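Structural characterization, general
Listed here are the chains, written in short residue letters.
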Amino acid sequence: MANGTADVRKLFIFTTTQNYFGLMSELWDQPLLCNCLEINNFLDDGNQMLLRVQRSDAGISFSNTIEFGDTKDKVLVFFKLRPEVITDENLHDNILVSSMLESPISSLYQAVRQVFAPMLLKDQEWSRNFDPKLQNLLSELEAGLGVVLRRSDTNLTKLKFKEDDTRGILTPSDEFQFWIEQAHRGNKQISKERANYFKELFETIAREFYNLDSLSLLEVVDLVETTQDVVDDVWRQTEHDHYPESRMLHLLDIIGGSFGRFVQKKLGTLNLWEDPYYLVKESLKAGISICEQWVIVCNHLTGQVWQRYVPHPWKNEKYFPETLDKLGKRLEEVLAVRTIHEKLLYFLPASEEKILCLTRVFEPFTGLNPVQYNPYTEPLWKAAVSQYEKIIAPAEQKIAGKLKSCISEIQDSPQQLLQAFLKYKELVKRPTISKELMLERETLLARLVDSIKDFRSDFENRCRGIPGDASGPLSGKNLSEVVNNIVWVRQLELKVDDTIKIAEALLSDLSGFRCFHRNAEDLLDQLKLYEQEQFDDWSRDIQSGLSDSRSGLCIEASSRIMELDSNDGSLKVHYSDRLVILLREVRQLSALGFVIPAKIQQVANIAQKFCKQAIILKQVAHFYNSIDQQMIRSQRPMMLQSALAFEQIIKNSKTGSGGKSQITWDNPKELEGYIQKLQNAAERLATENRKLRKWHTTFCEKVVVLMNIDLLRQQQRWKDGLQELRTGLATVEAQCPLAWQSKWEGPEDPLQYLRGLVARALAIQNWVDKAEKQALLSETLDLSELFHPDTFLNALRQETARAVGRSVDSLKFAASWKGRLPEAKLQIKISGLLLEGCSFDGNQLSENQLDSPSVSSVLPCFMGWIPQDACGPYSLDECISLPVYTSAERDRVVTNIDVPCGGNQDQWIQCGAALFLKNQ
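Residues numbered from 1 in each chain as written. Predicted model: local features only at pLDDT ≥ 70, side-chain atom pairs only at ≥ 80, totals over all residues. Heavy atoms only, no water.

Quick look at the overall build of the protein now. Counting its regular elements, the protein contains 30 helices and 19 strands. Within the protein, buried positions represent 42% of all 920 residues. Excluding contacts between residues fewer than 6 apart, the proportion of contacts in the protein whose partners are at least 24 apart in sequence is 67%. Carbon and sulfur atoms form 51% of the exposed surface of the protein, whose accessible area is close to 50,700 Å². (Helix = DSSP H or I, 4+ residues; strand = E, 2+ residues; numbered from the N terminus. Buried < 20%, exposed > 50% of the residue type's maximum accessible area, 1.4 Å probe, protein only. Contact = heavy atoms within 4.5 Å. Areas by Shrake-Rupley, 256 points an atom, 1.4 Å probe, with all protein chains shown as cover.)

Structural data, given as structure tokens:
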């Protein structure tokens, strides 16, 4: 040892420096360093407070100051607590040692975050004695340093924002916080909008990652899937500049690191060797799932989906989180060890277990934490596993026979045999047991060979059929034929692949394995070829359809959005249902890992751009085309104005000054405005229809109530119900159809109605008495006494037809004021007719005078049915056919009779001449 190193103080500095920088040679063997002035000043001069050590290409250098540009290399700093000369006694009480990496900001931030803030803010003793104001300042310092670090390129000469610099991003929460800060502090509005967009996407998972340690293993299993969706959305977004690939690579890495540390922390709370097996098993499975799923996510996104995503392709090699993958495999080994132990306990009685030392089977793992995976713990783990296998070897020999007996009993059932091997898979893998079960494994291999044959036969029988048919591929919901076929064959591939994995795990040493494996791989290749053929056929069909305007696959941004069909008047949107299906197919096929041809992807992108508006327009079109079916027929005239206004908006789909140009897909501002007008008009029409339908239902219910009222005992209730009905009608009176109003005509007073009812009832009884005496047709009759006078006249017609031996169709109705009808076999004398619009003296019609009543009585006449070829009492030239109504409201016709008018028929039509029965 050189003389300089006899100084204990220098030996401390040299040893610390050598260990920190990893130097091979001993510093004290360098005379220049032993007599270094800067070292002597620091040790011997009480006023010299600092010694900086820096390694560069030139070697190790010492200095008593820290210069501005020193941060490009690793720096080690010794500094004093008190301004004293360093001695052997105060060497370890007065010198602090600190290192500096990357930048002073990074070093200070990590020191505060990892050391001082937890100690001063979270430790109960220190936080209790630490001024709250200083605690706040320390928290603000940590947050401020984090902001600067996340936005800095770590170059002290200028703190400039560089998005690709991720050295300040150590956890997923740091990344989420970075975009929050950018959204508030960005220099440009576009940058703020972009940062805010990413911030909103990350908000879906930000809270979960911030509170990651408080989640359960199963909750984080779900979080892996959610995280996949979020990072996929972030990468695929096209509304702003793309997310940098280097930043995404770093994000995937730190997310994997967070998942790995979480799994280690959660499993570290368990005693994996002594805690109940069911608890350890479920926890280990969840941890394995987290690791495996994130590895799969990274492989799927960066190795397939993103590499094929044309707008923003992944350019680097696929990212593989190696450390997380190895942690998952370590957990699988731990689970296998516990599972084998559990199976051994199942087969061995307690007495034999003690003899075979199973109670101390986990002793090799004492002092070793199995979830702490790294290259340094791997040799220790392998050694422990090797020792463990030696301990269980006697037990394996013991249970091999028992397991053989158990499996032999069910080897005739292929399904049970497979389930048994899967249940005891960990034991069957053990060399001793595997050798003992040679015959049973041969039987299983034969069953797997048969399974491959069945898969092949099923595929060949169905592959050319139609999905859903008995001879076609099994069909799924909402899948087009190409996607359905690919999903079906993928399921077959999974079955074949699972069969291969089982064979590889348990049967790879058997003589027939190679032949089995070759056949299975051949079938797998055949399935993949079919899958690719399905996609290629689809691609050709779609690209062929792109050149055919009738295919429905062509959409031009400058084309009209919709129009009325000139044939049936239906509203049609120029966005075919085939385009909607194409979008779904492109999305599903992309998710299945296929590379969509550029032409098809371009059409899909255009269709996707207008898809939202097209769906709204299709909803409006469906409403327009079906609204008449939703209306009650009698209400249609009431909604005529709203319907015409809606139709006018459709027909006048113009834009620009003067409305000369059509609204097209590539005019988003006008299109949005037009869609809004259509939706408002459709909503007004729908609201009006709903209101009228509601009133219709209400009126019906009220009428049913009125029909059940006793008019004699509940007159006031009748009047109240009628008033409610009229009040309701008044609310829609301005647009109430006449057909409705006519339904409610009649006496408001129930007594008036009852009088008419009683009068008719008494008259009918009188008619019955005369008919029984054979005197009815000889009396003068009043048709207004009947409830249904038209029925009486029809009965007279039938009786006349029987009397003369003719058909009813060969008779015609006639009336005479001259006397009886000679041609009529049966006839009646009628009185009580009233005439409106003119006067009649029994010979011919005449105009009303100024003092004439509007309604006048008509003289009694004879009526009856005569043959069609009979002349009748009047010639056709001198008479007019007038309707006979049941009342002056003219709402119901009883019959038509010829009345002599003198020859000018048009004159009496214009004056509205008509006959009706008198009121009872």
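Structure's up, so let's keep going.
Taken residue by residue, a regular strand's side chains alternate between the two faces of the sheet. Taken across its six residues, strand 3 (residues 75-80) has five buried, putting it largely inside the fold. Pairing analysis gives five bridges linking strand 1 (residues 50-56) to strand 3, with the strands arranged antiparallel. In the strand pairing of strand 3, Q54 is matched with V75. For strand 3 and strand 4 (residues 95-100), the ladder comprises six bridges, and the chain directions are antiparallel. Considered in strand 4, the bridge of F78 is made with V97. (Pairing = 2+ DSSP bridges.)

Ordered in space as 2-1-3-4, the four strands form an open sheet in which the pairing is antiparallel. Two strands bound the open sheet, and with one partner strand each, they are strand 2 (59-63) and strand 4. Neighbour-to-neighbour, the strand axes of this sheet turn through a mean angle of 20 degrees, independent of strand direction. Across the sheet, helix 1 (residues 8-21) is in contact with strand 1, strand 2, strand 3 and strand 4; its angle to strand 3 comes to roughly 150 degrees. (Axes fitted to C-alpha atoms, helices over the stretch in contact; angles between N-to-C directions.)

What follows concerns the packing of helix 19 (residues 438-462) against helix 21 (residues 513-546). Helix-helix packing: each pair is described by the crossing angle between the helix axes and the interaxial distance. The interhelical angle for the contact between helix 19 and helix 21, taken along N-to-C directions, is 20 degrees, at an axis separation of 10 Å. When the axis of helix 19 is compared with that of helix 21, the two are roughly parallel. Read as a crossing pair, helix 19 and helix 21 show a hand that is left-handed. On the side of helix 19, the interface is formed by L445, L448, V449, I452, F455, R456, F459 and E460, while helix 21 contributes F513, F516, N519, A520, D522, L523, Q526, L527 and Y530. Of the residues contributing to the contact of helix 19 with helix 21, the split by class is 12 nonpolar, two polar and three charged. (Parallel < 35°, antiparallel > 145°, perpendicular 65-115°, else oblique. Left-handed = near helix turned anticlockwise from the far one by under 90°. Nonpolar A, V, L, I, M, F, W, Y, C, P; charged D, E, K, R; others polar.)

Moving on to the sheet that holds strand 10 (residues 811-816). Strand order in the open sheet formed by four strands is 9-11-16-10, and the pairing between neighbours is mixed. At either end of the open sheet lies a strand with only one pairing partner, and these are strand 9 (780-782) and strand 10. Here the average twist between neighbouring strands, direction ignored, is 40 degrees. Pairing between strand 10 and strand 16 (residues 861-867): six bridges, direction antiparallel. Looking at strand 16, one finds that L811 is bridged to P867.

Turning our eyes to something else, we now look at the packing of helix 21 against helix 22 (residues 577-591). Look at helix 21 against helix 22: their axes get within 13 Å of each other, and the N-to-C directions meet at 145 degrees. The handedness of the crossing between helix 21 and helix 22 is left-handed. Counted together, F535, W538 and I542 of helix 21 and R578, L582, E585, V586 and L589 of helix 22 form the full contact between these two elements.

All told, the structure shown has 29 aromatic pairs when counted by the stated rule. Measuring from ring centre to ring centre gives 5.5 Å for F209 and F259, while their planes differ by 40 degrees; the resulting arrangement is tilted. Of this pair, F209 sits in helix 9 (residues 189-210) while F259 sits in helix 11 (residues 245-268); the two residues are 50 residues apart in sequence, bridging distant segments of the chain. With respect to class, F209 is no different from F259; both count as buried. Taken together through their ring pairs, the aromatic side chains of F176, F178, W179, Y197, F198, F202, F209, Y243, F259 and W294 make up a single cluster. A cation over a ring is seen here: R236 above Y309, with NZ or CZ 4.9 Å from the ring centre. Lying over the aromatic face of F178, R247 brings its terminal NZ or CZ to 3.8 Å of the ring centre. (Phe/Tyr/Trp six-rings, centres within 6.5 Å; stacked < 30°, edge-to-face > 60°. Lys NZ or Arg CZ within 6 Å of the ring centre and 35° of its normal.)

Looking at the element boundaries, H622 is found in helix 23 (residues 598-630). On the accessibility criterion, H622 (56% relative accessible area) is exposed. Put simply, H622 and K572 are 50 residues apart on the chain and 8.8 Å apart in space, counted from C-alpha to C-alpha.

A few words on the pattern of salt bridges. Overall, the coordinates contain 23 salt bridges when judged by the stated rule. Here D44 and R9 are joined by a salt bridge, their closest N and O atoms 2.8 Å apart. Note that D44 is positioned in helix 3 (residues 37-44) and R9 in helix 1, a separation of 35 residues in sequence. Classification of D44 by relative accessible area gives partly exposed; the value is 42%. Judged by its relative accessible area of 11%, R9 is buried. One salt bridge connects R540 with D537, and the closest N-O pair in it is separated by 2.2 Å. Taken together, the residues R540 and D537, both in helix 21 and three residues apart, mark about one turn of the helix. Assessed through its relative accessible area of 34%, D537 is described here as partly exposed. (Salt bridge = Lys/Arg side-chain N within 4 Å of Asp/Glu carboxyl O.)

On to unusual backbone geometry. Phi is positive for Q774, which is not a glycine, with a value near 60 degrees. Mapped onto the elements of the fold, Q774 is located in the loop between helix 28 (750-772) and strand 9. Overall, the relative accessible area of 72% leaves Q774 in the exposed class.

Tracing the backbone through its elements, the reader meets S784 in the loop between strand 9 and helix 29 (789-804). For S784, a relative accessible area of 2% gives the class buried. For S784, the side chain forms a polar contact with the side chain of D782, separated by 2.8 Å. (Polar contact = N/O pair within 3.5 Å; in protein donor to acceptor, adjacent residues only side chain to side chain.)

Let us look at a negative patch on the surface. On the surface, E219, D222, E225, D229 and D233 cluster together into a patch of negative charge. Counting through the fold element by element, D229 comes out in helix 10 (residues 217-236). (Patch = residues over 30% accessible without salt bridge, like charges linked within 9 Å, V, L, I, M, F, W, Y side chains within 5 Å. Lys, Arg positive; Asp, Glu negative; His and termini not counted. Charge placed at Lys NZ, Arg CZ, Asp CG, Glu CD.)

Let's shift gears to the confidence of the model for the protein. Low-confidence regions, as indicated by low pLDDT, have predicted coordinates that should not be scrutinised in detail. Of the residues in the protein, 86% have a pLDDT of 70 or more, and the chain-wide mean is 81. Within the protein, strand 16 carries the highest mean pLDDT (93), whereas strand 7 (residues 654-655) carries the lowest (55). With pLDDT under 50 throughout, residues 153-160 is counted as low confidence; its partners more than four residues away or in other chains account for 19 contacts. Across residues 656-660 the pLDDT falls below 50, and counting only partners more than four positions away or on other chains, this stretch makes four contacts in the model. (pLDDT = per-residue confidence, 0-100.)

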